[in-house]
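# Working through the structure, step by step
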Amino acid sequence: GRADAAGRASDPLAPATTPDDAVLLTARGIRKSFGDNEVLRSIDLEVRRGEVVVLIGPSGSGKTTVLRSLNGLETPDRGTLSFAGGPDLDFSTRVSKQGRVAMRDRSAMVFQQHNLFPHMTVLENVIEGPVRVQRVPRARAVAEAEALLERVGLAEKRDEYPFSLSGGQQQRVGIVRALALKPDLLLFDEPTSALDPELVGEVLKVIKELADEGWTMVVVTHELGFARQVADEVLFMDGGVVVERGAPKDIFTKPAEERTRRFLDRIL
Ligand code: ADP
């Protein structure tokens, strides 16, 4: 059934999905330059609720900049972005601060490096956003954080400091911190690329479970086996454009574009 606000509050593990496949996010013609380096040259993207979109492509192709634009960490030069129920932001005109904040709050990002506050315990890291930014009562934030930590197998670490955790555990806390904000959309920017190889699996497993539970996500990753498992749609980017997009079975086994083929040959 439909998860309402009350349902979500009592079950912090439930993603904010609706039973239909309504479009959650639409991006049209997103352009971004840094100086005279044109990094995004008109990106279109549509993400349906409950869908997992995976961005692949060579380093420097603009994948991270796409994610950061969706999350308001970069401001596109042109193009439009809209989340269901929110305003249309048109970046060819001046976008209000209010509009940007409204957009930013719809998603939460998991970074390559976890970005945990080193002077705060695991629990404090997780409740910081809900309590300080979202004004959730502390007792409720703590209860939800504990449930989320339990969910990723880290309940017993709640009072530890980040330095005492393994890289994989730190990254799982990073994921919990994003979940605690109850965003409509989770953004993952190469969440395992900074990890020792033996720690990659435990983090991918958590992301896979969240995908199976119906969380909507956009994931940048070089883990193509994982991409193939979780993605509903794969976008191959190169040189600031989406060269090719489609179902993982098509992109990975019979790419239409020569550039996609060459990339896959190199990485697989
Ligand atoms: P990817 O995630 O595919 O590796 P990025 O989006 O990180 O690609 O980067 C695309 C291009 O944009 C690169 O050439 C990178 O150097 C450049 N770039 C990214 N962020 C900035 C920035 N803040 N300032 C200047 N150049 C940037």
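Residues numbered from 1 in each chain as written. Predicted model: local features only at pLDDT ≥ 70, side-chain atom pairs only at ≥ 80, totals over all residues. Heavy atoms only, no water.

Naming follows an unreviewed UniProt entry, where the protein chain appears as Cystine transport system ATP-binding protein of Agromyces terreus. The Subcellular location (unreviewed entry) field of the UniProt record for the protein chain holds the comment "Cell membrane". (UniProt positions renumbered as here; feature names shortened; annotations may be inferred.)

### Some thoughts on the environment of Val 234
Tracing the backbone shows Val 234 in strand β9 (residues 233-238). When the C-alpha positions of Val 234 and Leu 181 are compared, they lie 26 Å apart, and in sequence the two are 53 residues distant. (Helix = DSSP H or I, 4+ residues; strand = E, 2+ residues; numbered from the N terminus.)

### Regarding the side chain of Ser 61
Among the structural elements, Ser 61 can be located in the loop between β3 (52-56) and α2 (63-70). Here Ser 61 falls in the buried class, since its relative accessible area comes to 1%. Here the side chain of Ser 61 touches Pro 58 through a polar contact of 2.7 Å, landing on its backbone oxygen. Ignoring anything within four residues of it in the chain, the contact list for Ser 61 reads Val 39, Met 237, Asp 238, Gly 239 and Gly 240. (Buried < 20%, exposed > 50% of the residue type's maximum accessible area, 1.4 Å probe, protein only. Polar contact = N/O pair within 3.5 Å; in protein donor to acceptor, adjacent residues only side chain to side chain. Contact = heavy atoms within 4.5 Å.)

### A short note on the packing of helix α4 (residues 122-133) against helix α6 (residues 167-180)
Direction vectors running N to C along α4 and α6 enclose 25°, while the axes themselves pass 8 Å from each other. As far as their axial angle goes, α6 and α4 are roughly parallel. For α4 against α6, the interelement crossing comes out right-handed. Touching Val 122, Asn 125, Val 126 and Pro 130 of α4 are Val 173, Val 176, Arg 177 and Ala 180, all from α6. For the contact of α4 with α6, the per-class residue count stands at six nonpolar, one polar and one charged. (Axes fitted to C-alpha atoms, helices over the stretch in contact; angles between N-to-C directions. Parallel < 35°, antiparallel > 145°, perpendicular 65-115°, else oblique. Left-handed = near helix turned anticlockwise from the far one by under 90°. Nonpolar A, V, L, I, M, F, W, Y, C, P; charged D, E, K, R; others polar.)

### Section: the site of the ligand
Taken together, Phe 34, Asn 37, Val 39, Pro 58, Ser 59, Gly 60, Ser 61, Gly 62, Lys 63, Thr 64 and Thr 65 are the residues near the ligand. The contact in question runs from an oxygen atom of the ligand to an N or O atom on the side chain of Lys 63, over 2.8 Å. Protein contact buries 60% of the 560 Å² of open area that the ligand shows by itself. No other element matches the three residues that α2 contributes to the shell around the ligand. Of the residues in the shell around the ligand, the class split is three nonpolar, seven polar and one charged. (Near = heavy atom within 4 Å. Areas by Shrake-Rupley, 256 points an atom, 1.4 Å probe, with all protein chains shown as cover.)

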